[in-house]
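Understanding the architecture of this molecule
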Amino acid sequence: MTNFKTLILITAGLILVGCGDPRADDKVEMTNSLIGEMSPGMTSDEKEETAACVVDVLDAELSDTGWTAIMFMLRNDREGAKAWAEDNDINEDALEGELELAIDKAEENCETRF
């Protein structure tokens, strides 16, 4: 019985490690970028807290397509975004609406303006 419990725990651990957050690196990049754009009147703690809040809301609200689009925007990669949208037959109106709603929610929940 002990061996069976150990096997289950090891399997669960491997699944959890293998199912890491695919957006983790993007979240760090976005957080750092947002902190750099915030008001100089904010303390570093306020900047970090607000940036983390915005990133969490956007992560929760955006589909993978929306997330990819916002990362292109963050990186100022218009050419890459255009090629990606064409290659993936992206509905730009729907995407724009999704981004607008997510940004509005982030501004409301995190008490900030973009």
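Structure report, in brief. (Residues numbered from 1 in each chain as written. Predicted model: local features only at pLDDT ≥ 70, side-chain atom pairs only at ≥ 80, totals over all residues. Heavy atoms only, no water.)

Looking at the state of the cysteines
Selection criterion: Cysteine sulfurs are considered disulfide-paired once they come within 2.5 Å of each other. Helix numbers and strand numbers start at the N terminus; a helix is a DSSP run of H or I with at least 4 residues, a strand a run of E with at least 2. Any residue under 20% of the maximum accessible area for its type is buried, any over 50% is exposed, and the rest in between are partly exposed; the area is computed with a 1.4 Å probe on protein chains only.
Here the structure, examined in full by the defined rule, presents 1 disulfide. Across a sulfur-sulfur distance of 2.0 Å, Cys53 and Cys110 are joined as a disulfide pair. Taking the sign of the S-S torsion, about -85 degrees here, the bridge from Cys53 to Cys110 comes out left-handed. Placement of the pair is Cys53 in helix α3 (residues 44-61) and Cys110 in helix α6 (residues 92-110), with a sequence separation of 57 residues. The exposure class assigned to Cys110 is buried, which follows from its relative accessible area of 9%.

Concerning the packing of helix α2 (residues 24-37) against helix α4 (residues 64-74)
For clarity, the cut-off: In this analysis, axes come from line fits to C-alpha atoms, helices being fitted only over the stretch in contact, and the angle between any two N-to-C directions falls in the range 0 to 180 degrees. Roughly parallel here means an angle under 35 degrees, roughly antiparallel means over 145, roughly perpendicular means 65 to 115, and every remaining angle is called oblique. Left-handed describes a crossing in which the near helix is turned anticlockwise from the far one by less than a right angle; the clockwise case is right-handed. We call two residues contacting when some pair of their heavy atoms lies within 4.5 Å. Residue polarity is assigned by list, with Asp, Glu, Lys and Arg as charged and Ala, Val, Leu, Ile, Met, Phe, Trp, Tyr, Cys and Pro as nonpolar; anything else, Gly included, falls into the polar class.
Their axes nearest at 11 Å, the elements α2 and α4 cross at an angle of 45 degrees. What the angle tells us is that α2 and α4 run oblique. As α2 packs across α4, the resulting crossing turns out to be left-handed. Residue-level inspection shows Asp26, Lys27, Glu29, Met30 and Ser33 of α2 in contact with α4, the latter providing Trp67, Ile70, Met71 and Leu74. Here the contact of α2 with α4 is built from residues that sort into 5 nonpolar, 1 polar and 3 charged.

As for the nonpolar core
Put simply, the rule reads: Throughout this description, the term nonpolar core refers to a set of buried Ala, Val, Leu, Ile, Met, Phe, Trp, Tyr and Cys residues connected via side-chain atoms within 4.5 Å.
Counting residues in each nonpolar core, the largest one holds 22 residues, and the members touching the most others are Met30, Leu34, Leu58, Leu62, Trp67 and Trp84. If we ignore the near neighbours within four places in the chain, the residues touching Met30 are Val55, Leu58, Trp67, Ile70, Met71 and Leu74.

Describing the environment of Ala102
You can see Ala102 is positioned in helix α6. Classification of Ala102 by relative accessible area gives buried; the value is 1%. Residues Ala102 and Gly66 lie 36 residues apart in sequence; the distance between their C-alpha atoms is 9.2 Å. Those residues in contact with Ala102 that sit more than four places away from it in its chain are Val57, Leu58, Glu61 and Leu62.

Comments concerning the pattern of salt bridges
Spelled out, the test is: Between Lys or Arg on one side and Asp or Glu on the other, a salt bridge is scored when a side-chain nitrogen of the former is within 4 Å of a carboxyl oxygen of the latter.
Taken as a whole and assessed by the stated rule, the structure comprises 8 salt bridges. Of the charged contacts, one joins Lys27 and Asp21 as a salt bridge, the two residues approaching to 2.5 Å between their closest N and O atoms. By relative accessible area, Asp21 is classed as partly exposed at 39%. Residue Glu61 pairs with Lys105 through a salt bridge whose shortest N-O separation is 3.0 Å.

Side note on the side chain of Asp26
Test applied: Here a polar contact means two N or O atoms within 3.5 Å. Within protein one must be a hydrogen donor candidate and the other an acceptor candidate, and residues neighboring in sequence count only if both atoms are side-chain atoms.
With respect to the helices and strands, the residue Asp26 is situated in helix α2. With a relative accessible area of 18%, Asp26 lands in the buried category. Only 3.0 Å separates the side chain of Asp26 from the side chain of Trp67, close enough to count as a polar contact. Contacts of Asp26, omitting those with residues within four sequence positions, involve Trp67, Met71 and Arg75.

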